[in-house]
Amino acid sequence: RVNWTGDDTGAGIDHYEIRVDNGTWVNKGSLNSSYVISADLGLNSVSGLHTFSVRAFDQAGNSAVDTVTFILDLDPPEVLNYSPQGENVSADSLISITFSEPINRSSFSISVGGSHSVTGNVSWSGNTATFTPDKELKDDVHVYVTASDVLDNLMSFNWSFSIAEAVEPLTGTV
């Protein structure tokens, strides 16, 4: 929502016009002093830098423009790195995932399983979440993560890896 005020000590405000980016000016009358930015002004749901402009006209035909710049973020976070990966992973491995931007930590969910479900604790360092399993991992492990950025853009990501088979030491006499 964009709010504005206008004042003209001479002839008084006649009307306001608004626009997003370089779109068409839209007359909002003299009583409106706020607007919820939406697609009807040409904001085509494109992430990035945008401008919102208000043009005030007084009764004498004079006008003045004020502009505010804002960033529209509709893009979900991306995964930059995750581990472990591949085969023959150690059974006591930690599971980590690094995101491209800050995560709303209350939205973060990680499910670790495969032939068995694994519980554990999550810790954070910057944009990296690390899952510490409560017990050793076994067999094929599947990881499923969901998270939102601070603007509630939701993402999901999953991957699998395999745990190295435990090798029992040989005992005996030769």
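Residues numbered from 1 in each chain as written. Predicted model: local features only at pLDDT ≥ 70, side-chain atom pairs only at ≥ 80, totals over all residues. Heavy atoms only, no water.

1. Thoughts on the pattern of salt bridges
Inference 1: Tallied over the entire structure, the rule returns one salt bridge.
Inference 2: For Glu-17, the salt bridge is made with Arg-55, and the minimal N-O distance between the two is 2.5 Å. Note that Glu-17 is positioned in strand S2 (residues 13–20) and Arg-55 in strand S5 (residues 48–58), a separation of 38 residues in sequence.
Inference 3: Exposure remark for Glu-17: the relative accessible area of 14% places this residue in the buried category. (Salt bridge = Lys/Arg side-chain N within 4 Å of Asp/Glu carboxyl O. Helix = DSSP H or I, 4+ residues; strand = E, 2+ residues; numbered from the N terminus. Buried < 20%, exposed > 50% of the residue type's maximum accessible area, 1.4 Å probe, protein only.)

2. Remarks on the packing of aromatic side chains
Inference 1: Applying the stated criterion to the full structure yields eight aromatic pairs.
Inference 2: For the pair Phe-157 and Trp-159, a centre-to-centre distance of 5.8 Å together with 45 degrees between the ring planes defines the contact as tilted.
Inference 3: Among the residues examined, Phe-157 registers a relative accessible area of 21% and is labelled partly exposed.
Inference 4: Among the residues examined, Trp-159 registers a relative accessible area of 6% and is labelled buried.
Inference 5: Connected via pairs of aromatic rings, a cluster forms that spans Trp-4, Tyr-16 and Phe-52.
Inference 6: Sitting over the face of the ring of Trp-25, Arg-55 holds its NZ or CZ atom 4.0 Å from the ring centroid. (Phe/Tyr/Trp six-rings, centres within 6.5 Å; stacked < 30°, edge-to-face > 60°. Lys NZ or Arg CZ within 6 Å of the ring centre and 35° of its normal.)

3. Focus: the nonpolar core
Inference 1: Residues Ile-95, Phe-108 and Phe-161 are the most contacted members of the largest nonpolar core, which totals 21 residues.
Inference 2: Broken down by secondary-structure element, the contributors of at least two residues to this core are strand S9 (95–99), strand S10 (109–114), strand S12 (128–133), strand S13 (140–148) and strand S14 (154–163).
Inference 3: Discounting chain neighbours no more than four positions away, the residues touching Phe-108 are Ile-97, Phe-99, Ile-103, Val-122, Trp-124, Ala-129, Val-145, Thr-146 and Ala-147.
Inference 4: Residues Val-2, Val-20, Tyr-35 and Val-54 belong to the second largest nonpolar core, which totals nine residues. (Core = buried A, V, L, I, M, F, W, Y, C linked by side-chain atoms within 4.5 Å. Contact = heavy atoms within 4.5 Å.)

4. Remarks on the sheet that holds strand S3 (residues 26–29)
Inference 1: A sheet is described by the order of its strands in space; here four strands give the open sequence S3-S2-S5-S6, paired in antiparallel fashion. The sheet is open, and its two edges are formed by S3 and strand S6 (63–72), each paired on a single side. Each strand of the sheet is rotated relative to its neighbour by a mean of 25 degrees, with strand direction disregarded.
Inference 2: For S2 and S3, the ladder comprises three bridges, and the chain directions are antiparallel. The partner of Tyr-16 across the bridge, within S3, is Gly-29. (Pairing = 2+ DSSP bridges. Axes fitted to C-alpha atoms, helices over the stretch in contact; angles between N-to-C directions.)

5. Quick look at the pairing of S9
Moving residue by residue along a regular strand, the side chains alternate between the two faces of the sheet.
Inference 1: With five of five residues buried, S9 is to be regarded as a mostly interior element.
Inference 2: By the alternation rule, side chains of S9 split into Ile-95, Ile-97 and Phe-99 and Ser-96 and Thr-98, which are all buried.
Inference 3: Looking at chain direction, strand S7 (residues 79–83) and S9 are connected through four bridges and run antiparallel. Bridge pairing links Val-79 to Phe-99 in S9.

6. Things to note about the environment of Asn-158
Inference 1: Inspection of the secondary structure puts Asn-158 in strand S14.
Inference 2: The sequence separation of Asn-158 and Val-145 amounts to 13 residues, and the corresponding C-alpha distance is 6.1 Å.
Inference 3: In contact with Asn-158, other than residues within four places in its own chain, are Val-143 and Tyr-144.

7. A look at the pairing of S6
Inference 1: One ladder, built from ten bridges, connects S5 with S6; its direction is antiparallel. Paired with Phe-52 across the two strands is Val-68, which belongs to S6.
Inference 2: The turn linking S5 back onto S6 is made up of four residues, and Gly-61 within it adopts a positive phi angle of 95 degrees.

8. Focus: the environment of Asn-88
Inference 1: Looking at the secondary structure, you find Asn-88 in strand S8 (residues 86–89).
Inference 2: Overall, the relative accessible area of 60% leaves Asn-88 in the exposed class.
Inference 3: In contact with Asn-88, not counting residues within four places along its chain, are Ser-162, Ile-163 and Ala-164.

Taken by themselves, the reported measurements are silent on function.
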